[in-house]
Amino acid sequence: MKPYLFAAIGASFFATSLAVHAADVPAVLQSKCASCHALTKPESNSLDRLWERKGPDLHYAGNKFNKEWLVEWLQDPAKIRPAGEFYRKHVKPGTKEDVVDESSLAPHPKLARKDAEAAANALMTLTDPDGLIEKGAFKDQKVAMSMGAMYFNKLRGCAACHSAVPGKGGLSGPEMATAGKRLQPDFIYSYIKDPQKIDKGVWMPKLDISDADLQKLTSYIVQLSAKEDKK
Ligand code: HEC
Ligand code: HEC
């Protein structure tokens with residue numbers, strides 16, 4: 001490893017550790033996960049932090065994830081972001097359009113079942129004190145899949161960055177085919193409503209979407225993963 005790179009990693013590790021109030025974070029996460037994930041609200045919320053971070057923020061994990069999904073995924077971590085945490089570092093020009101440079105992406109650490117359960121339990125205790133996620137926002141009214149797909153693909157342009165069907169759609173955002181298993185519906189709703197409130201500086205656009213349309217998009221995403229099961 002080049003010395004300057006090593007120094008940069010060392011420095012950012014130090015900065016992350018300083019921001020974390022160790023007493024509040026379960027030890028299992030502190031020791032194995034804090035080098036890549038923010039486990040408490042970061043003191044600096046600059047764009048640089050977003051560009052440099054090595055993994056998604058987990059300080060509100062208890063209001064974001066479904067626990068059953070965490071236990072399974074931590075043992076067998078399939079890719080969620082096709083081009084990693086920051087896609088611009090992991091795409092290269094292809095013949096027609098940019099393609100993912102797979103060789104630049106490292107696999108996620110894998111945990112044994114017992115450790116995955118401990119980590120999932122610990123993650124569920126990291127809740128969001130700032131009201132980033134609107135509790136009870138999703139009303140669970142089912143949208144027809146064809147209507148949802150029209151909003152997602154055509155009217156709102158979500159497919160430019162997200163794939164609703166594995167292998168199709170954009171590369172710069174998390175895949176949506178299993179998002180209904182991964183994420184709590186109120187988190188999905190809140191993120192679509194105001195992405196920058198949750199992730200300052202993230203390149204997902206804040207659109208002016210009515211509550212009725214937010215319900216449709218959320219319901220569509222929740223139902224996508226039920227569709228995955230039937231395959
Ligand atoms: C070397 C850096 C690194 C370490 C160490 C690491 N992670 Fe990750 N983690 C990542 C990256 C990068 C992603 C994004 C993966 C993707 O999107 O495919 C990720 C994704 C996740 C996700 C899904 C987050 C989301 O918003 O989609 C969870 C949950 C998670 N990690 C938990 C953990 C836990 C628990 C530990 C410690 C046992 C850990 N990670 C250790 C880099 C790391
Ligand atoms: C310009 C690209 C872009 C567009 C367009 C876009 N998103 Fe995103 N989206 C992102 C990125 C980037 C993230 C967060 C990345 C991260 O957590 O690392 C994200 C996150 C999300 C999340 C949270 C997922 C998770 O695993 O944390 C949801 C839900 C979501 N987007 C839905 C939508 C919907 C619905 C639309 C259309 C209204 C949309 N997005 C349009 C780029 C985009």
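Only a predicted model underlies this, so the values are computations on that prediction, with no experimental measurement involved.

Caption draft 1: The arrangement of the coordination of the iron atom of ligand 2 in detail. With distances of 2.0 to 2.2 Å, the protein atoms coordinating the iron atom of ligand 2 are His162 (NE2) and Met204 (SD). One way to put it: the six donor atoms around the iron atom of ligand 2 meet at angles of 86 to 179°, and that makes the site octahedral. You can see His162 sitting in the loop between α6 (145-155) and α7 (179-182) and its partner Met204 sitting in the loop between α9 (195-198) and α10 (211-229), a full 42 residues away along the chain.

Caption draft 2: Structural context of the site of ligand 1. Near ligand 1 there are 21 residues, and of these Cys33, Cys36, His37, Arg81 and His108 occur at the shortest range. His37 places a side-chain nitrogen or oxygen 2.8 Å from a nitrogen atom of ligand 1. The separation between an oxygen atom of ligand 1 and a polar side-chain atom of Arg81 is 2.7 Å. Looking at the shell around ligand 1, the elements that each hand over two or more residues are α2 (27-32) and α4 (67-75).

Caption draft 3: Quick peek at the pattern of salt bridges. Within this structure, the stated rule accounts for 11 salt bridges. In this structure, Asp115 and Lys32 form a salt bridge, with 4.0 Å as the shortest nitrogen-oxygen distance. With a gap of 83 residues between them, Asp115 in helix α5 (residues 113-124) and Lys32 in helix α2 connect regions that are remote in the sequence. According to the relative accessible area criterion, Asp115 is partly exposed, its value standing at 27%. In this structure, Arg49 engages Asp57 in a salt bridge whose closest nitrogen and oxygen atoms are separated by 2.7 Å. As far as burial versus exposure is concerned, Arg49 and Asp57 are alike and both buried.

Caption draft 4: Local environment of the site of ligand 2. Neighbouring ligand 2 are 23 residues, the closest being Arg81, Cys158, Cys161, His162 and Met204. The side chain of Lys64 places a nitrogen or oxygen atom 2.9 Å from an oxygen atom of ligand 2. Separating an oxygen atom of ligand 2 from a side-chain N or O atom of Arg81 is a distance of 2.8 Å. With four residues, the single largest contributor to the shell around ligand 2 is helix α8 (residues 185-193). Of the residues assigned to the shell around ligand 2, the class counts are 14 nonpolar, three polar and six charged.

Rules used throughout
- Residues numbered from 1 in each chain as written.
- Chains lettered and ligands numbered in written order.
- Predicted model: local features only at pLDDT ≥ 70, side-chain atom pairs only at ≥ 80, totals over all residues.
- Heavy atoms only, no water.
- Donors = N, O, S within 2.8 Å, 3.2 Å for Na, K, Ca; no water.
- Tetrahedral: all angles 85-135°; square planar, octahedral: opposite > 155°, others 65-115°.
- Helix = DSSP H or I, 4+ residues; strand = E, 2+ residues; numbered from the N terminus.
- Near = heavy atom within 4 Å.
- Polar contact = N/O pair within 3.5 Å; in protein donor to acceptor, adjacent residues only side chain to side chain.
- Salt bridge = Lys/Arg side-chain N within 4 Å of Asp/Glu carboxyl O.
- Buried < 20%, exposed > 50% of the residue type's maximum accessible area, 1.4 Å probe, protein only.
- Nonpolar A, V, L, I, M, F, W, Y, C, P; charged D, E, K, R; others polar.

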